[in-house]
Amino acid sequence: MVYLVEDSLAIRARLAATIRGIEGAELVGEAGKVGEAIDGIRSTQPGALILDLQLEDGSGLEVLRAVRPASLALHVAVLTNYATDQHRRACIDAGAEYFLDKSSDFPRIREIVQGWTAPTDSAAVSH
């Protein structure tokens, strides 16, 4: 289950279509503002979060810091146009697993979500 937070409607639509096209991935919610994102994540309890860093009314970091303590197993990928080292460190420190530059890393979203949603083969686990 993936929750999507992105304030650009065009980019959100593109990301949503990508997620919906991944076998095993379910898009459980979308938001474009900080408060609605926090509320939506808390109510749907997704296993994964695609999070825009710069939102219309604040920062994706606010969202991450608000939901991370109650969702330690949550997979998080931050997607941004502000791919500076300072932003990267802040996001990783707040619990992001991936920090992606929208201009160059956008195609990686598919492989990342596929990795998060791939079924585990319990028969392959050695005992």
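Here the residue numbering is sequential within each chain, running from 1 through the sequence in written order. The predicted nature of this model means local features are confined to residues of pLDDT at least 70 and side-chain atom pairs, given and counted, to a pLDDT of 80 or more, with totals for whole chains, interfaces and linings taken over all residues. As a rule here, side-chain values cover all heavy atoms of the structure and leave hydrogens and water aside.

Focus on the confidence of the model for the chain
The cut-off we apply is this: In predicted models, pLDDT denotes the confidence assigned by the predictor to each residue on a 0 to 100 scale. Should any heavy atoms of two residues lie within 4.5 Å, those residues are considered in contact.
Taken as a whole, the chain shows an average pLDDT of 91; of its residues, 93% reach a score of 70 or greater. Every residue in residues 121-127 is under pLDDT 50, and counting partners more than four places away or in other chains gives 0 contacts.

Observations concerning the sheet that holds strand β1 (residues 2-5)
This is how the line gets drawn: Two strands form a pair only when DSSP identifies at least two bridges running between them. Working definition: helices are DSSP H or I runs of at least four residues, strands are E runs of at least two. Numbering for both runs from the N terminus. Here, axes are lines fitted to C-alpha atoms. For helices the fit covers the stretch in contact, and angles between N-to-C directions go from 0 to 180 degrees.
Strands sit in the order β2-β1-β3-β6-β7 across an open sheet of 5 strands; the sheet is parallel. Each edge of the open sheet is held by one strand with a lone partner, namely β2 (27-31) and β7 (98-101). Pairs of neighbouring strands in the sheet enclose a mean axial angle of 15°, with direction left out of account. Here strand β6 (residues 75-80) pairs with β7 via 4 bridges, running parallel.

Considerations on the pairing of strand β3 (residues 48-52)
Going by this rule: In this scheme, a residue with accessible area under 20% of its type's maximum is buried, one over 50% is exposed, and one in between is partly exposed, where area comes from a 1.4 Å probe on protein chains only.
In terms of burial, β3 is a largely internal element, 5 of the 5 residues being buried. Here β3 shows no split at all, with A48, I50 and D52 on one side and L49 and L51 on the other all buried. As defined by bridge partners, β1 adjoins β3 across 4 bridges and the pair is classed as parallel. Across the sheet, V2 pairs through a bridge with A48, a residue of β3. For β3 and β6, the ladder comprises 5 bridges, and the chain directions are parallel.

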